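# Topology and contacts: notes
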Amino acid sequence: MSKKTETPRTYFKCDLLIIGAGPAGAALAVFLSATGLNIILIDKKSHIEEPLRCAEYVPAVFTGLFDFKLRGIDNSIDKLQTFINVKPCGAIKELNLDNLHHASEMKAPGYIIDRREMIKDWITRFTKYGGIYLPSTKALKISGRQVTALKDGRQIIIRAQIIAGADGPLSLAAGHIGSAGGHFLAGINLKCKNINTGRISQSTKVFFLPEIRGGYAWVFPGRKFTNYGLGVDLALFCRHFEKSGIQKHLFYQIFGQVLSDSEDKRAKLSSGLIPVSGITINPVQKNIILLGDAAGLCNPVTGAGIYNAVYSSRIAAEYIKEAAAVKSTSVLQKISKEYNVYFKDSLNRALVKRKEISAGWQNQKTTQQFEKFIKKTWVAFRQYWN
Ligand SMILES: Cc1cc2nc3c(=O)[nH]c(=O)nc-3n(C[C@H](O)[C@H](O)[C@H](O)COP(=O)(O)OP(=O)(O)OC[C@H]3O[C@@H](n4cnc5c(N)ncnc54)[C@H](O)[C@@H]3O)c2cc1C
């Protein structure tokens, strides 16, 4: 390399490097913040959770994962309503979504969260205890205990006893240990200011239509904002789905008037991948641990992954403390077992259903066939659990 192109490197040393400050990484940082461990948390984004790629629903049990009061809890949710062969767009215009005919209504207590506010608070708590948070820092390469990253255009080297890969669906850490999944839903979401100043709905709504291949559209109501979005199975679309703009087109087809009615001109569509390959077989290798989406913990049918991401961090936090106490990373292997105990059954059932969805979606020729198919493959129906 010529002298001109050489950039000076900065070196960091720590007990634990967390790659990714999403729910999994930021939760791990906050869970371990008071332990005295020397922890660095990095994220390639310059601002926490920007862009936001989420519809922000979590189940009620989520708050039980924390021993402090969570910030960013927004709207309480009671129910999940499922619609089949019903389009939400006209109904949104008339603000009467609650009057639409649903195919099922099930109890699903939970919350719509303000994910950005919540994660900002975790990171603030972490840094108050002396944790180091480095935004705009992208991990490029892992070799042994060393991670090379790019921070604001400069290479930095971080040496860590333990590396936590909380770097989401296209995880570098998962790729490094040969545990990356390959099947995704492409999600698109619009967080839009509410125009309806009256009663705020307490139900999340999902819409199944044949054209939303292998996925569904959602309306998740917050108190001030509502998340409108949809996810489609990439295996049922062309590979360059996101780039081709089909997703955006489909979004406007489904939600029609949302943007123009909302007067929220700042609302922006954001898109992201949802991993649906199921739990990775090998989430721990030597000193590397995978968490959340990087470990394939997102539900392959619902696409929900926040709760599991944070739960995986709780599990990992316990074993990281133990590893630090005994000065050996071999105890980290127990994390794999714990993941299997907590996640395997539900994620494997969902994975079987995901395969059924991918294989059968295109074969449902009539509305009756389509309805029957959704009832077999969606969590809100008895047939899913049989
Ligand atoms: C459109 C959409 C809607 C969704 N809605 C819901 C929902 O309502 N409820 C729910 O439970 N789940 C939902 N999910 C899934 C949920 O968002 C994920 O399961 C969850 O965010 C997983 O958390 P995570 O921390 O593992 O990964 P992520 O949230 O993906 O966080 C990973 C972080 O790592 C950073 N990163 C990635 N690579 C690097 C690198 N090389 N170096 C440094 N940093 C890096 C990223 O910038 C990111 O901040 C949705 C997903 C999408 C796409």
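Please refer to the structure placed before this passage.
A brief look at the structure comes next. (Residues numbered from 1 in each chain as written. Predicted model: local features only at pLDDT ≥ 70, side-chain atom pairs only at ≥ 80, totals over all residues. Heavy atoms only, no water.)

## A word on the site of the ligand
Test applied: For each residue, the test is whether any non-hydrogen atom lies within 4 Å of the molecule or strand; if one does, the residue is near. By the criterion applied in these results, polar contacts are pairs of N or O atoms within 3.5 Å in which, for protein atoms, one can donate a hydrogen and the other can accept it, and in which residues neighboring in sequence qualify only through two side-chain atoms. We get accessible surface area from the Shrake-Rupley algorithm with a probe of 1.4 Å; when it comes to residues, only the shown protein chains can shield them. Under the scheme applied, nonpolar residues are Ala, Val, Leu, Ile, Met, Phe, Trp, Tyr, Cys and Pro; charged residues are Asp, Glu, Lys and Arg; polar residues are all the others, including Gly.
Close to the ligand lie 36 residues, the nearest being D43, Y57, R115, A139 and D293. For the ligand, an oxygen atom lies 3.0 Å from a polar atom in the backbone of I306. When the ligand is considered free in solution it has 1000 Å² of accessible area, and contact with the protein chains removes 92% of it. Of the residues contributing to the shell around the ligand, the split by class is 18 nonpolar, nine polar and nine charged.

## Here we look at the packing of aromatic side chains
Note the threshold: Aromatic rings from Phe, Tyr and Trp, with only the six-membered ring used for Trp, were paired whenever their centres fell within 6.5 Å, and each pair was classed as stacked if the ring planes differed by under 30 degrees, edge-to-face if by over 60, and tilted otherwise. Helix numbering and strand numbering both begin at the N terminus, where a helix is a DSSP run of H or I of at least 4 residues and a strand a DSSP run of E of at least 2. Think of it in three bands: residues with accessible area under 20% of the maximum for their type are buried, residues over 50% are exposed, and the middle band is partly exposed, with areas taken using a 1.4 Å probe on protein chains only.
By the definition in use, this model includes 21 aromatic pairs. Between the aromatic rings of Y311 and Y342, the centroid separation amounts to 5.0 Å while the plane-to-plane angle is 45°, which identifies the pairing as tilted. Taken together, the positions of Y311 in helix α8 (residues 306-326) and Y342 in helix α9 (residues 334-360) put the pair 31 residues apart, joining distant regions of the chain. Its relative accessible area of 43% is what places Y342 among the partly exposed residues. Ring pairs connect the aromatic residues Y57, F208, Y216, W218, F220 and W378, which therefore count as one cluster.

## Some details on the pattern of salt bridges
Opposite charge on two side chains allows them to pair when their charged atoms are near. Formally: Only one rule defines a salt bridge in this text: a Lys or Arg side-chain nitrogen within 4 Å of an Asp or Glu carboxyl oxygen.
Evaluation of the coordinates by the stated rule reveals 15 salt bridges. We note a salt bridge from K334 to E322, for which the minimum N-O separation is 3.4 Å. Here the residue K334 occupies a position in helix α9, and E322 occupies one in helix α8, the gap between them amounting to 12 residues. By relative accessible area, E322 is classed as partly exposed at 32%. The network of salt bridges with common partners includes K353, E356 and K376.

## Looking at the environment of S203
Note that S203 resides in strand β11 (residues 203-208). Taking the C-alpha atoms as reference points, S203 and N75, separated by 128 residues in sequence, lie 9.8 Å from one another. Within the structure, the side chain of S203 is placed 3.0 Å from the side chain of K205, a separation counted as a polar contact.

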